[in-house]
Amino acid sequence: MDFTFTEEQQAAAEAAKGVFAGVAPDAVPSPALTPGAVADACDRALWAKLADADLLSLLLDERYGGAGLDAIALCLVLRESARVLARVPLLESSAAAAAVQAFGGEEAKAALPARAGRGELVLTVAAHGRTGHDPAELAVTARQDGEAWVLDGVQTAVPWAYDADVTVVPAHTGNGRTVLALVPRGHAGVVLAEQVSTSGERLGELRLESARLAARDVIDADGAWEWLRDLLATGTCALALGLGERVLRMTGEYASRREQFGFPIATFQAVAVQAADRYIDLRAMEATLWQAAWRIASGAPGALPAAGDVAVAKIWAAEGVRRIVQTAQHLHGGFGADVDYPLHRYHAWAKHLELSLGPAAAHEEALGDLLAAHPLA
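Residues numbered from 1 in each chain as written. Predicted model: local features only at pLDDT ≥ 70, side-chain atom pairs only at ≥ 80, totals over all residues. Heavy atoms only, no water.

Points about empty space enclosed by the protein
Going by this rule: Cavities and pockets were defined on a 1 Å grid built over protein atoms only: a cavity is a set of grid points that admits a 1.4 Å probe from which the probe cannot escape, a pocket is an open set flanked by protein on both sides within 12 Å along at least five of seven lines, and lining residues are those with an atom within 4 Å of any such point. Grid points are joined across faces, edges and corners, and a volume is the space filled by probe spheres set on the points. For this scheme, ten residues count as nonpolar: Ala, Val, Leu, Ile, Met, Phe, Trp, Tyr, Cys and Pro. Four count as charged, namely Asp, Glu, Lys and Arg, and the remainder, Gly too, count as polar.
Under the counting rule described, the total for this entry stands at 1 cavity of 30 Å³ or more. Counted as a void, the largest cavity has a volume near 40 Å³. What lines the largest cavity is simply Ala 39, Asp 40, Ala 41, Cys 42, Trp 160, Tyr 162, Asp 163, Glu 201 and Arg 202. Counted by class, the lining of the largest cavity contains 5 nonpolar, no polar and 4 charged residues.

Right, dumping it as structure tokens:
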């Protein structure tokens, strides 16, 4: 079996390294130093650089100005972005644009993907639901009223809600189906209230009160939400992997320099064993991530639907990134809590990623449901 990435996928990762090389984690706003949100908007300068490097259109076809790449390429780029704590809606906007391209009507395809790929529009997805544990599509109802759709409900913790020109909102219908509503910023019947993540980023509570949308702004294709949800979860795993890799490297460098009793603490067995355990976490996170991304990219069949591989990857990502930053804080000692050192920023971002799109427990339940419905021989 060939586990190497294609030349196109590697080129995307190299382009990302070039763009993110100028991002200093030390300069990322610290949630420890700011009482509310660390900033009112994403890093627009970095967003423009990503657009210039064609990294916002990776998943789009050539007709929309894209590279026609797959989920694996996107995850490689997201991995690089997390290493420097890049404050951009790269995952949400890329995934939403790809979903519109794959499942949207002709009017939506003409209006959104190409402009999103050029960085002219920012898209996001309300995928958290009310609690982050229950399915997000159950938080909002959608019913048809003539040729329009009417939406009611609340989605919490919407990432980059105040930056987004369009928010993709999953909603359930009376007959048990899920649709995707493309809700423009400032739309009638939509109220946005500020929330703040553990990372200090500004989130939004999106409240829909009899919000009416034209049929062209609602995607009702079968499987659209499931595909988008799996892509978002897999991308979140890529972010957790990149962050975890950077934190473990920081820890190794620190432990090699910090001396006690005349020796670097990295030579102490207790330190080495803890670092080795976290390295095992990283390798498990990586293996399960690429399995999930490959299932989404290839559509290959398996013993379970692709959602099963995504659930396994998210379980490892959530638990693994939490253990990695906790061990890093422990091995850094008091230095790890110094606000002049970036580790506390990584710790805050890791907690956000751990809970994004549901904690490990939520995905364990989903995996259990899949195993019950598809018993393994």
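From this point, things continue past the structure.
Thoughts on the pattern of salt bridges
As a reminder, the rule being used: Note on definitions: salt bridges are taken to be side-chain nitrogens of Lys or Arg within 4 Å of carboxyl oxygens of Asp or Glu. Classification of residues uses two cut-offs on accessible area relative to the type maximum, computed with a 1.4 Å probe and protein chains only: under 20% is buried, over 50% is exposed, and between them is partly exposed. Each helix is a run of DSSP H or I of at least 4 residues and each strand a run of E of at least 2, with the numbering of both proceeding from the N terminus.
Evaluation of the coordinates by the stated rule reveals 23 salt bridges. A salt bridge links Arg 229 to Asp 230; the nearest nitrogen and oxygen atoms lie 3.9 Å apart. Using a relative accessible area of 32% as the deciding quantity, one classes Arg 229 as partly exposed. With a shortest N-O distance of 3.6 Å, Glu 354 and Arg 322 are connected by a salt bridge. Here Arg 322 lies in helix α9 (residues 306-332) and Glu 354 lies in helix α10 (residues 343-355), a separation of 32 residues in the sequence. Residue classification places Glu 354 among the buried residues on the basis of a relative accessible area of 11%. On the basis of relative accessible area, Arg 322 is assigned to the partly exposed category, the value being 23%. In this structure, a network of salt bridges that share partners links the residues Arg 79, Glu 80, Arg 83, Glu 245, Arg 283 and Glu 286.

Structural notes on the pairing of strand β2 (residues 140-145)
The side chains of a regular strand alternate between both faces of the sheet. So the rule is basically this: A pair of strands counts as paired when DSSP detects no fewer than two bridges linking them.
Alignment of β2 against strand β3 (residues 148-159), held across 6 bridges, turns out to be antiparallel. Counted as the bridge partner of Asp 145 is Ala 148 from β3. Taking the residues that link successive antiparallel strands as the turn, the β2-β3 hairpin has 2 residues, and the phi of Gly 146 there is positive, at about 70°.

Some thoughts on α10
Test applied: Expected span of a helix, by definition, is 1.5 Å for each gap between consecutive residues, and there is one gap fewer than residues.
Taking 1.5 Å per residue, 13 residues should reach 18 Å; α10 reaches 19 Å between its end C-alpha atoms and fits that length. Three or more residues of α10 are buried, namely Leu 343, His 344, Arg 345, Tyr 346, Ala 348, Trp 349, Ala 350, Leu 353 and Glu 354. Backbone geometry just downstream of α10 places Leu 357 in the positive-phi region, at approximately 60°.

Things to note about the environment of Ala 15
Mapped onto the secondary structure, Ala 15 falls in helix α1 (residues 7-20). Spatially, the C-alpha atom of Ala 15 lies 8.4 Å from that of Val 77, the residues being 62 residues apart in sequence.

Some thoughts on a negative patch on the surface
Note the cut-off: Patch criteria: residues need more than 30% relative accessible area and no salt bridge. Like-charged residues are merged within 9 Å; nonpolar side chains of Val, Leu, Ile, Met, Phe, Trp and Tyr are merged within 5 Å. Each accessible area is a Shrake-Rupley estimate made with a 1.4 Å probe; only the visible protein chains count as cover when residues are assessed. Counted charges follow a simple rule, with Lys and Arg positive, Asp and Glu negative, and His plus the chain ends left uncounted. Every charge is mapped onto a representative atom, which is NZ of Lys, CZ of Arg, CG of Asp or CD of Glu.
On the surface, Asp 134, Glu 364, Glu 365 and Asp 369 cluster together to form a negatively charged patch. Locating Glu 364 in the fold gives a position in helix α11 (residues 360-373). The class for Glu 364 is partly exposed, based on a relative accessible area of 42%.

Things to note about unusual backbone geometry
For Leu 85, which is not glycine, the phi torsion reads 55° and is therefore positive. The buried category is assigned to Leu 85, whose relative accessible area is 1%. Unlike most non-glycine residues, Leu 357 shows phi in positive territory, near 60°. Within the secondary structure, Leu 357 sits in the loop between α10 and α11. Judged by its relative accessible area of 23%, Leu 357 is partly exposed.

Quick look at the layout of surface pockets
Taken as a whole, the largest pocket holds about 670 Å³ of empty space. Together, 35 residues line the largest pocket, and Glu 92, Pro 159, His 352, Leu 353 and Ser 356 are the ones closest to its centre. Elements with a contribution of two residues or more to the lining of the largest pocket: α3 (71-83), α4 (90-103), β3, β7 (202-214), α7 (224-257) and α10. Looking at the lining of the largest pocket element by element, the count peaks at 5 residues for α10.

Notes on the packing of α3 against α4
Put simply, the rule reads: Interaxial angles span 0 to 180 degrees and are taken between N-to-C directions of axes, which are lines fitted to C-alpha atoms, for helices over the stretch in contact. Note on terminology: angles under 35 degrees are roughly parallel, angles over 145 are roughly antiparallel, angles of 65 to 115 are roughly perpendicular, and the others are oblique. In a left-handed crossing the near helix is turned counterclockwise from the far helix by less than a right angle, and in a right-handed crossing that turn is clockwise. Whether two residues touch is decided by their heavy atoms; if any such pair falls within 4.5 Å, the residues are in contact.
Following both chains from N to C, one finds α3 and α4 inclined at 165°, their axes separated by 11 Å at the closest point. In terms of their interaxial angle, α3 and α4 are classed as roughly antiparallel. Handedness of the crossing formed by α3 with α4: right-handed. For the pair α3 and α4, the contacting residues are Leu 74, Val 77 and Leu 78 in the first and Leu 90, Leu 91 and Ser 94 in the second. Within the contact of α3 with α4, the residues separate by chemical class into 5 nonpolar, 1 polar and no charged.

A few points about the side chain of Arg 278
When you line up the elements, Arg 278 lands in helix α8 (residues 269-298). Accessibility expressed as a relative area gives 13% for Arg 278, which makes it buried. Excluding its chain neighbours within four sequence positions, the residues that come into contact with Arg 278 are Leu 248, Arg 323, Ile 324 and Thr 327.

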